[in-house]
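# Tertiary structure, described
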Amino acid sequence: MLSYMKFFKVFGSLVLITALLSSCGKKEKQEEAVPMVRLTTVETVNSLPTTSYPGKIYSRETSNVAFRVSGTLASVPVKEGQHVKRGQVLARMDDRDYRVQLQATEAEYAQIKAQAERVIALYEDEGTSQNSYDKARYGLEQITQKLQHHRDQLNDCVVTAPFDGYVAKVFHDSHETVAAGMPVVSVFALDDEEIIIHVPISEYLKRHHFEKFKATFSALENRTYDLHLINISHSANINQLYEVHLGIDRDDHEITPGMTTMVTISYKNEGAQELQLPATSIIHDQQGPAVFVYRDGHVWRTPVEMTFIHNSGMAEIKGDIQSGDQVVVSGASRLTNGQEVRPFPEPSETNVGGLL
């Protein structure tokens, strides 16, 4: 009898434990059925939207100086980085052959000119024919042009600076043979620099909303300069980027061509303050862009309009939403309107990174 009583007690305990475990399992499954979401808070944009792009300094007035004649360089009396004045000699060519050529032409000119003058004098006295007069006149014009051409060639054996500036590059040294049109020295004007940045098509389409430009130079202790817009190219390059040319407003000479900078573009604030949230919060479906707003344990689909996306990943929006609202920041595409959710708990201040 005692054995049966012990059996029933053990059996009853097992049934009770099994029921408790089953109840806990159902509860865990019910809790697991409610998805957990990570939330973010909608914020007000407190400042004008900005975006930044790397840029480089170029001189708007650059010249690759070359000879108009071919020959051997006699001297290049300038060095890279040297300041030069307009009209200063940059290079000389060995002009021996051109001087000999000019001397021969001068002698030929003197002979033809004397003959032509005699024929013209006879023609005026009706001592020669019209045909002889025309030949003499045309011959004199031809030798005159030839003489001028050879004088120009001799003068072209010297090249000078086209403007005040600095020598950027010396391409050839003395005693080297160069062809006509081959660059010998490159010079640039120092007070006429511009900054060029390249922007994507999304930025190009917003060009009418550009407000201000600033350039920051890390090499100059993060010194900042105001810029003004010169022009924007209306055709994209091979990388689908558009060139933006910007002038520098400054009165010092520390900025030189070749330097790099970071250009910040500010946009016009053309309306009421915008709201912003991470762009990952926005879903795109057949009904258009929207976010899931969290209220009282449920999420509600709310249509929004994106007005601007920053490089930081923040999107500015309009819609039936307010600053301080909480929205789902990740996994929103798997949710449905009115669905029950559980927010992830905020990590403790002592739990750095939420690892515990």
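Residues numbered from 1 in each chain as written. Predicted model: local features only at pLDDT ≥ 70, side-chain atom pairs only at ≥ 80, totals over all residues. Heavy atoms only, no water.

## Let's talk about helix H2 (residues 96–124)
Between the first and last C-alpha of H2 there are 42 Å, a value that for 29 residues agrees with the 42 Å anticipated at 1.5 Å per step. Residues of H2 that are buried include every one of Tyr98, Leu102, Thr105 and Ala116, and no others. Of the surrounding secondary structure, the elements contacted by the buried residues of H2 are strand S7 (89–93) and helix H3 (130–155). (Helix = DSSP H or I, 4+ residues; strand = E, 2+ residues; numbered from the N terminus. Expected span 1.5 Å × (residues − 1). Buried < 20%, exposed > 50% of the residue type's maximum accessible area, 1.4 Å probe, protein only. Contact = heavy atoms within 4.5 Å.)

## Considering the nonpolar core
If you look at the biggest cluster of nonpolar residues, it comprises 25 residues, and the most contacted ones within it are Phe67, Leu90, Val185 and Val187. For this core, the secondary-structure elements that each account for two or more residues are S7, H2, H3, strand S9 (165–170) and strand S11 (183–188). In this structure, Val185 is in contact with Ser63, Asn64, Val65, Val76, Val78, Leu90, Val167, Lys169 and Phe171, ignoring residues within four places of it in sequence. Core analysis: the next-biggest nonpolar cluster, separate from the first, contains 24 residues, Ile232, Ile248, Met259 and Tyr267 among them. (Core = buried A, V, L, I, M, F, W, Y, C linked by side-chain atoms within 4.5 Å.)

## Points about the sheet that holds S9
Read across the open sheet, the 4 strands follow the order S4-S11-S9-S6; overall the sheet is antiparallel. If you trace the sheet from one side to the other, it starts and ends with strand S4 (62–66) and strand S6 (83–84), each paired once. (Pairing = 2+ DSSP bridges.)

## With respect to unusual backbone geometry
Positioned with a positive phi, Glu221 is a non-glycine residue whose angle comes to about 60 degrees. Along the polypeptide, Glu221 turns up in the loop between strand S13 (210–217) and strand S14 (223–232). One non-glycine residue, Gln240, lies in the positive phi region at around 60 degrees. Relative to the elements of secondary structure, Gln240 occurs in the loop between S14 and strand S15 (242–249).

## What about the pattern of salt bridges?
Within the structure shown, the criterion is met by 11 salt bridges. Measuring nitrogen to oxygen at the nearest pair gives 3.8 Å for the salt bridge that ties Lys169 to Glu80. Taken together, the positions of Lys169 in strand S9 and Glu80 in the loop between strand S5 (71–75) and S6 put the pair 89 residues apart, joining distant regions of the chain. Relative accessible area serves as the criterion here: at 40%, Lys169 is assigned to the partly exposed category. For Glu117, the salt bridge identified is with Lys113, shortest N-O distance 2.5 Å. Of this pair, Glu117 and Lys113 both sit in helix H2, 4 residues apart, roughly one helical turn. The class of Glu117 is partly exposed, set by a relative accessible area of 43%. Put simply, Asp134, Arg137 and Glu141 are held in one network by salt bridges that share partners. (Salt bridge = Lys/Arg side-chain N within 4 Å of Asp/Glu carboxyl O.)

## With respect to the environment of Tyr225
Looking at the secondary structure, you find Tyr225 in strand S14. Separated by 24 residues in the primary sequence, Tyr225 and Asp249 place their C-alpha atoms 6.5 Å from one another. A distance of 3.3 Å separates polar atoms of two side chains, one belonging to Tyr225 and the other to Arg223. (Polar contact = N/O pair within 3.5 Å; in protein donor to acceptor, adjacent residues only side chain to side chain.)

## Quick word on the packing of aromatic side chains
If you walk through the whole model with that rule in mind, you get 6 aromatic pairs. A ring pair is formed by Phe217 and Tyr225, whose centres lie 5.7 Å apart and whose planes are at 80 degrees; its orientation type is edge-to-face. Accessibility classification places Phe217 together with Tyr225 in one group, the buried group. An aromatic cluster of at least three residues, connected via ring pairs, comprises Phe210, Phe213 and Tyr267. (Phe/Tyr/Trp six-rings, centres within 6.5 Å; stacked < 30°, edge-to-face > 60°.)

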